[in-house]
Amino acid sequence: MSSPTIFSRIIAGEIPTDFIYEDEFCVCFKDVHPQAPTHVLIVPRHPIPKLADATTADQTLLGHLMVKAGHIARLLGVEEAFRLVVNNGAGAGQTVFHLHLHLMANKKFSEGGLNG
Ligand code: AMP
């Protein structure tokens, strides 16, 4: 059994963290190293190491995360312009192996591109 990730420890309350939003399926908190003026993480309470490990059994949970991304964007007042990112695997920049969505906003994103 692999050791719990930092996100599991945050969810368990072992690392005090202010939640911007939480419900029975997910929590949302600020990224400690923001890549945009608004940068929060949406993390399911149930740990899935990475998106490619998700199965059809996780469909409802993954849909929940997407719906809540819109809800959280409205809470933050950025619903008109935000970007969601999921890094899958170390080669794609994933550093915490507990699936999460990055929600970023208030930054000029390049039009039509995936960088910047
Ligand atoms: P990723 O590289 O996609 O796995 O994203 C992990 C993110 O978690 C990075 O953007 C980190 O800055 C962020 N992070 C790591 N530890 C913490 C923490 N204790 N609180 C908030 N964000 C964190």
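Nothing here was measured: the structure is a model prediction, and the numbers come from that model.

Visitor: Looking at this structure, how should I read the packing of aromatic side chains?
Guide: Evaluation of the coordinates by the stated rule reveals two aromatic pairs. Seen from their ring centres, Phe 7 and Phe 29 are 5.6 Å apart, and the 75° between their planes marks the pair as edge-to-face. Remark: Phe 29 occurs in strand S2 (residues 26–30) and Phe 7 occurs in helix H1 (residues 6–11); sequence separation between them is 22 residues. Just as Phe 7 is buried, Phe 29 falls in that class too.

Visitor: Just to check I follow, could you spell out the environment of His 100 for this structure?
Guide: Take His 100: it is sitting in the loop between strand S4 (82–85) and strand S5 (101–105). Through-space distance from the C-alpha of His 100 to that of Ile 72 is 14 Å; in sequence the pair is 28 residues apart. When near neighbours in sequence (up to four residues on either side) are disregarded, His 100 contacts Phe 7, Leu 41, Ile 42, Val 43, Val 85 and Val 86. Here the side chain of His 100 touches His 98 through a polar contact of 2.7 Å, landing on its backbone oxygen. Among the polar contacts made by the side chain of His 100, one reaches the side chain of His 102 at a distance of 3.5 Å.

Procedures and definitions
Residues numbered from 1 in each chain as written. Predicted model: local features only at pLDDT ≥ 70, side-chain atom pairs only at ≥ 80, totals over all residues. Heavy atoms only, no water. Phe/Tyr/Trp six-rings, centres within 6.5 Å; stacked < 30°, edge-to-face > 60°. Helix = DSSP H or I, 4+ residues; strand = E, 2+ residues; numbered from the N terminus. Buried < 20%, exposed > 50% of the residue type's maximum accessible area, 1.4 Å probe, protein only. Contact = heavy atoms within 4.5 Å. Polar contact = N/O pair within 3.5 Å; in protein donor to acceptor, adjacent residues only side chain to side chain.

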